[in-house]
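# Breakdown of the fold
Spelled out, the chains give:
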Amino acid sequence: MPPQPSWSMANKTKPRILPWLREQLDSGLLGATWIDAEHTRFFIPWKHGLRQDLQQEDFRIFQAWAEASGSYRPGIDVPDPATWKRNFRAALDRKQNLRVVSNHSRDTQNPHKIYEFLSEDGEGCEAGRAAEHEDQEDTIQEILEALTLSTQQQQQFHGDFSPNSFLEQLPQTPEPALSCNPLMPIFASGFQTEYEVTAFYRGRQVLQKCLSCLKGLRLVGPGPGAETWMELDGTSLALPEPSSALTDQRTAYYVSRVLGSLGAGLALWNSQTEFRAQRLGHCGTYWTLGEQASPGATGREVTKERDGQQVCSIPEFVNDLISFLEGSHRSPQYTLWFCLGESWPTNSQLWTKKLVMVKVVPTALRALHEVAQAGGASSLEEEVDLHISGSLSLSLAPAHLHGYLQGLAHSMQWESGAHC
């Protein structure tokens, strides 16, 4: 990672993104570059996070802003390129004197976006006043991003900030007809999703892979022994050989013992309404559902029972996503964490000290959550691409998501707030 300007690292306050961005464009070190002599238009790589050819240079600019803004602390926080990119895009979207000239994010050869500054100084003709009220604008924008507002209403609210006025003037968005509900193909013939699997040995990431598993996923140990279980359902994914991933051979030895006890593996599969897990080998495994593998979370042991156990309810996710769009501060949970061969992390032994941790993300649920997070007033007229699986990709206007989710829940007879 190229070194950042010293002021952005030493300054404890969050820098303003446009002056910071101009510095990066001038340096040309992070992949974002000027494309005109006047320095008004610039190019930013915008490769989808699930592409197989994704490289570190494809998200350097997003990571650099995450570090400069304080939302990511290298060596402490878990790397999350998708969140870095989403936060970077949201920060740029808030700037009225910056616009997207062309969006080529779906270009197969060179995915990118072209932005343009609408004023010479990059901060508008009233840059001083904007800087003075930046904190207030950020607070207002956090509320705006959770609402569906017209451009005219947004301009009115920037004058006098009143949380109650936002809630009183929320428009009633008509529910789209079920016949044209773009979410239906995801659930029509069994829930369609890919699994993004990230494995950690003693906190060090050793694997990240996205798989399409029609009959489920099985995490198995490395080596030829995994081939003896090929007759079982589910796509097998062999975790890496620890001796090639770790320099500490003592740690590698203990990781090998854990992986060697996986046997037929840890099985994960989904239906139209839930995800289920089952332990097939001798390796004791604990799990939880949440964005982070928090020591405060309740780690539950994965069962060996034939039918497995529910680890994530899709109806509950949909209901929580509807509540999130209606103003709830609680985000829906869909990230599964597994601790292999040891008890769940505690305050005295964090997850980064555990021998083997595996994070599994159903990409379809993450895509729906990202559309909900992009549903602010600045996105009313834009469509967001949803990469559901290798064979299914949808475009959806964030402003319509609430109606589509309600229609989906109604069609599948899911009661609001019900838990399976």
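### Comments concerning helix α13 (residues 363-373)
- Burial runs high along α13: 9 of the 11 residues are buried.
- For α13, every residue scored as buried is listed here: Thr-363, Ala-364, Leu-365, Arg-366, Ala-367, Leu-368, His-369, Val-371 and Ala-372.

### Here we look at the packing of aromatic side chains
- With the rule as written, the count across this model stands at 17 aromatic pairs.
- Residues Trp-46 and Tyr-115 carry aromatic rings whose centres are separated by 6.5 Å and whose planes lie at 45 degrees to one another, so their mutual orientation is tilted. In this pair, Trp-46 is assigned in the loop between β2 (41-45) and α3 (60-68) and Tyr-115 in strand β4 (residues 112-117), connecting sequence segments 69 residues apart. Each member of the pair, Trp-46 together with Tyr-115, is buried.
- Members of the aromatic cluster, connected to one another through ring pairs, are Trp-34, Phe-42, Trp-46, Phe-62, Phe-88, Tyr-115 and Phe-117.
- For Arg-22, the ring lying beneath its charged end belongs to Phe-117, and the centroid distance is 4.1 Å.
- A cation over an aromatic ring shows up here: Lys-113 above the ring of Trp-46, its NZ or CZ 4.2 Å from the ring centre.

### Details of unusual backbone geometry
- You will see that His-39, though not glycine, has its phi angle at about 55 degrees, which is positive.
- Structurally, the position occupied by His-39 is in the loop between β1 (33-34) and β2.
- Not every positive phi belongs to a glycine, and Arg-202 is a case in point at roughly 50 degrees.
- Position of Arg-202 relative to the elements: it lies in the loop between β5 (194-201) and β6 (204-212).

### What to know about the nonpolar core
- If you look at the biggest cluster of nonpolar residues, it comprises 58 residues, and the most contacted ones within it are Leu-239, Leu-340 and Val-356.
- For this core, the element with the highest residue contribution is helix α12 (residues 314-325), accounting for 7 residues.
- In this structure, Leu-25, Trp-34, Ile-61 and Ala-68 belong to the second largest nonpolar core, which totals 26 residues.

### Quick word on the environment of Gln-56
- Examined against the element boundaries, Gln-56 turns out to sit in the loop between β2 and α3.
- It is 9.4 Å that separates the C-alpha atoms of Gln-56 and Pro-81, two residues lying 25 residues apart in sequence.

### Examining the sheet that holds β6
- As summarised here, the arrangement of the 6 strands in space is β6-β5-β15-β14-β11-β12, forming an open sheet in which the pairing is antiparallel. Because the sheet does not close on itself, it has two edges, and the strands there are β6 and β12 (300-301).
- In terms of strand pairing, β5 meets strand β15 (residues 356-362) through 7 bridges, oriented antiparallel. Following the sheet pairing, Thr-198 is matched in β15 by Lys-359.
- The strands touched by helix α11 (residues 249-260) within the sheet are β5, β14 (336-340) and β15, with β15 carrying the most contacts at an inclination of about 55 degrees.

### Some remarks on the pattern of salt bridges
- A full pass over the atoms with the stated rule returns 6 salt bridges.
- Here Arg-41 and Glu-116 are joined by a salt bridge, their closest N and O atoms 3.4 Å apart. Linking Arg-41 in strand β2 with Glu-116 in strand β4, this pair joins segments that are 75 residues apart in sequence.
- Given a relative accessible area of 14%, Glu-116 falls into the buried group.
- The partner of Arg-73 in a salt bridge is Asp-77, and the shortest N-O contact between them spans 2.8 Å.
- Judged by relative accessible area, Asp-77 falls into the partly exposed class, the value being 22%.

### Quick notes on the pairing of β5
- Within β5, 8 of the 8 residues are buried, which leaves the element mostly enclosed by the surrounding structure.
- Of the two faces of β5, the one holding Glu-194, Glu-196, Thr-198 and Phe-200 and the one holding Tyr-195, Val-197, Ala-199 and Tyr-201 are both buried throughout.
- Note that β5 and β6 share 8 bridges and pair antiparallel. Bridge pairing links Val-197 to Lys-209 in β6.
- From the end of β5 to the start of β6, which pair antiparallel, there are 2 residues, and Arg-202 there has a positive phi angle of about 50 degrees.

### Observations concerning empty space enclosed by the protein
- Under the criterion given, the structure shown has 2 cavities of 30 Å³ or more.
- Roughly 30 Å³ of internal volume is contained in the second largest cavity.
- Around the second largest cavity, the lining residues are Leu-217, Leu-219, Leu-266, Ala-267, Leu-268, Phe-338 and Val-360.
- Within the residue set of the lining of the second largest cavity, elements represented by two or more residues are β7 (217-220) and β9 (266-270).

### A few points about the confidence of the model for the protein chain
- Within the protein chain, residue pLDDT values average 75, and 69% of them lie at 70 or more.
- Segment residues 1-11 is flagged for pLDDT under 50; beyond a separation of four residues in sequence, or across chains, it makes 20 contacts in the model.

### As for the packing of helix α2 (residues 17-27) against helix α4 (residues 81-93)
- Running from N to C, α2 and α4 cross one another at 115 degrees; their axes reach a closest spacing of 10 Å. One element, α2, and the other, α4, form an angle in the roughly perpendicular class. The handedness of the crossing between α2 and α4 is left-handed. On α4, the residues that touch Ile-17, Leu-18, Trp-20 and Leu-21 of α2 are Phe-88, Ala-91 and Leu-92.
- Residue composition of the contact of α2 with α4, by class: 7 nonpolar, no polar and no charged.

About the cut-offs
Residues numbered from 1 in each chain as written. Predicted model: local features only at pLDDT ≥ 70, side-chain atom pairs only at ≥ 80, totals over all residues. Heavy atoms only, no water. Buried < 20%, exposed > 50% of the residue type's maximum accessible area, 1.4 Å probe, protein only. Helix = DSSP H or I, 4+ residues; strand = E, 2+ residues; numbered from the N terminus. Phe/Tyr/Trp six-rings, centres within 6.5 Å; stacked < 30°, edge-to-face > 60°. Lys NZ or Arg CZ within 6 Å of the ring centre and 35° of its normal. Core = buried A, V, L, I, M, F, W, Y, C linked by side-chain atoms within 4.5 Å. Pairing = 2+ DSSP bridges. Contact = heavy atoms within 4.5 Å. Axes fitted to C-alpha atoms, helices over the stretch in contact; angles between N-to-C directions. Salt bridge = Lys/Arg side-chain N within 4 Å of Asp/Glu carboxyl O. 1 Å grid on protein atoms, 1.4 Å probe; cavity = no way out; pocket = protein on both sides within 12 Å on 5 of 7 lines; lining within 4 Å. Points joined across faces, edges and corners; volume = space filled by probe spheres on them. pLDDT = per-residue confidence, 0-100. Parallel < 35°, antiparallel > 145°, perpendicular 65-115°, else oblique. Left-handed = near helix turned anticlockwise from the far one by under 90°. Nonpolar A, V, L, I, M, F, W, Y, C, P; charged D, E, K, R; others polar.

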